[in-house]
Amino acid sequence: ALEKKSNLIASADVLTTKELHDLAEKVGPNIVALKTHIDIITDFDYDKTIIPLIDIAAKHNFLLMEDRKFADIGNTQELQYSYGIYKISNWADLVTSHVIGGSKSLDCFMNVGVVAILGMSSQGTLTDAHYREEAMKIIINEPNVMGCVAQNQIQDDLLLFTPGVNISAGGDSKGQQYNTPEHVFKNLHTDFIIVGRGIYKADDIEQAALTYKTRGWQAYEAAIS
Ligand code: S5P
């Protein structure tokens, strides 16, 4: 992040391997991580999808964050994390997980940074203040949890990842709610913004990534000075 002067994570919510690789190449220079939903890739093939993606990530020096949002018992999560066709444990540097299964359910995530879902950005989410208070009790005792996805400020020793960021829209028709980069850095003391459609749906994807990176970094520096 410091090297690239970037707090930007791009969400690659695209449907084909080609779109995934093209997006990764375009946004790569300006991001710290690419966030995938690998199970939406319609032509997924481990060797054709993942191996080149790892190379692109190495070339542009960004991490791979699989947004699987695990939400099951430990044994099932362990199987979902390492087996099936996606073999997430082979390639993901970061994974997202709910903590609804309790602290032992998180023990299966070895050698990966866990980003716990503390609060969601969608309208009507059940992650109210009581839920977040109980979830935080689990999170602070888990050594492999390095941060939280949330829409509120959290304690300083955990990294805060904030999705629901868009410069030009207030939301979508499916309950998503957006804030600007300036809002989240100033008011939530966010560490990293997660941007999906604001970048991958833009006419000029490279320019959009640069805009979110620059506005995000400026707002971050202003917030910590
Ligand atoms: O609360 C959340 C948590 C996440 S990880 N709200 C979210 O929107 N996300 C993810 O961020 C979501 O799954 C999607 O991949 C991305 C937001 O996409 P956008 O197109 O709305 O920016």
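Bear in mind that the values here come from a model prediction, so they are computed numbers and not experimental data.

Novice: I'd love a proper account of the nonpolar core, names of residues and values included.
Specialist: Residues V27, L34, V95, F109, I139 and I199 are the most contacted members of the largest nonpolar core, which totals 58 residues. The element that contributes the greatest number of residues to this core is helix 8 (residues 205-224), accounting for 7 residues. When neighbours within four sequence positions are excluded, I199 is seen to be in contact with L8, A10, V27, I205, A208, A209 and Y212. Core analysis: the second largest hydrophobic core is formed by 11 residues, V32, L94, V115 and I194 among them.

Novice: How would you explain the sheet that holds strand 5 (residues 113-117) if you had to name every residue and give the values?
Specialist: Spatial ordering of the closed barrel is given by 1-2-3-4-5-6-7-8, a layout of 8 strands whose pairing is parallel. With strand direction ignored, the average angle separating the axes of adjacent strands in the sheet is 25°. In this sheet, strand 2 (residues 33-36) lies alongside strand 1 (residues 8-12) in parallel orientation, the contact comprising 4 bridges. In the sheet register, A12 faces strand 2, and the bridge partner there is T36.

Novice: Lay out the pattern of salt bridges with the relevant residues and their values.
Specialist: Pairs may arise between side chains of opposite charge once their charged atoms sit close together. Enumeration according to the criterion identifies 8 salt bridges in this entry. Across the salt bridge formed by K18 and D22, the nearest N and O atoms sit 2.6 Å from each other. Pair noted here: K18 and D22 are both in helix 1 (residues 17-27), with a separation of 4 residues, about one helical turn. According to the relative accessible area criterion, K18 is exposed, its value standing at 57%. Where K137 meets E134, a salt bridge forms, and the shortest distance between an N and an O atom there is 3.0 Å. Remark: E134 and K137 occur in helix 5 (residues 129-139); sequence separation between them is 3 residues, near one turn of the helix. Classification of K137 by relative accessible area gives partly exposed; the value is 44%. Look at E134 and you get partly exposed, because its relative accessible area is 33%.

Novice: Describe helix 8, with residues and values.
Specialist: With 20 residues, helix 8 extends 28 Å from end C-alpha to end C-alpha; this agrees with the ideal 28 Å at 1.5 Å per step. Taken together, the buried positions of helix 8 are occupied by I205, A208, A209, Y212, K213, G216, W217, A219 and Y220. Its side-chain oxygen at 3.3 Å from the backbone nitrogen of E206, D204 defines the N-terminal cap of helix 8.

Novice: Account for helix 6 (residues 181-188), with residues named and values stated.
Specialist: Residues three or four positions apart in an α-helix share a direction because the helix packs 3.6 residues into each turn. Within helix 6, the full set of buried residues consists of P181, V184, F185 and L188. With its buried residues spanning 110° around the axis, helix 6 presents them on a single face.

Novice: How would you explain unusual backbone geometry if you had to name every residue and give the values?
Specialist: Unlike most non-glycine residues, K5 shows phi in positive territory, near 50°. The residue K5 is located in the segment before strand 1 in this model. Residue classification places K5 among the partly exposed positions, given a relative accessible area of 48%. One non-glycine residue, N111, adopts positive backbone phi at about 55°. Counting through the fold element by element, N111 comes out in the loop between strand 4 (94-97) and strand 5.

Novice: Break down the site of the ligand for me, with residues and values.
Specialist: Taken together, 15 residues sit near the ligand, with D13, K35, S121, Y178 and R197 positioned nearest. Contacts to the ligand include Q176, whose side-chain N or O atom sits 2.9 Å from an oxygen atom. Separating an oxygen atom of the ligand from a backbone N or O atom of G196 is a distance of 2.9 Å. Contact with the protein chains removes 92% of the 490 Å² of surface that the ligand exposes when unbound. Of the residues belonging to the shell around the ligand, the class tally is 4 nonpolar, 6 polar and 5 charged.

Novice: Quick rundown of the pairing of strand 8 (residues 192-195)? Include the residues and the values.
Specialist: Residues F192 and I194 point to one face of strand 8 and I193 and V195 to the other, with burial holding for every one of them. As paired elements, strand 1 and strand 8 share 3 bridges and run parallel to each other. For L8, the partnering residue across the bridge sits in strand 8 and is I193. Sheet analysis places strand 7 (residues 159-162) next to strand 8, joined by 2 bridges and oriented parallel. For F161, the partnering residue across the bridge sits in strand 8 and is F192. Each parallel crossover has a hand, and the one from strand 7 via helix 6 to strand 8 is right-handed.

The rules behind each value
- Residues numbered from 1 in each chain as written.
- Predicted model: local features only at pLDDT ≥ 70, side-chain atom pairs only at ≥ 80, totals over all residues.
- Heavy atoms only, no water.
- Core = buried A, V, L, I, M, F, W, Y, C linked by side-chain atoms within 4.5 Å.
- Buried < 20%, exposed > 50% of the residue type's maximum accessible area, 1.4 Å probe, protein only.
- Helix = DSSP H or I, 4+ residues; strand = E, 2+ residues; numbered from the N terminus.
- Contact = heavy atoms within 4.5 Å.
- Pairing = 2+ DSSP bridges.
- Axes fitted to C-alpha atoms, helices over the stretch in contact; angles between N-to-C directions.
- Salt bridge = Lys/Arg side-chain N within 4 Å of Asp/Glu carboxyl O.
- Expected span 1.5 Å × (residues − 1).
- Polar contact = N/O pair within 3.5 Å; in protein donor to acceptor, adjacent residues only side chain to side chain.
- Arc of directions from axis to C-beta.
- Near = heavy atom within 4 Å.
- Areas by Shrake-Rupley, 256 points an atom, 1.4 Å probe, with all protein chains shown as cover.
- Nonpolar A, V, L, I, M, F, W, Y, C, P; charged D, E, K, R; others polar.
- Right-handed = clockwise from strand over helix to strand, strands pointing away.

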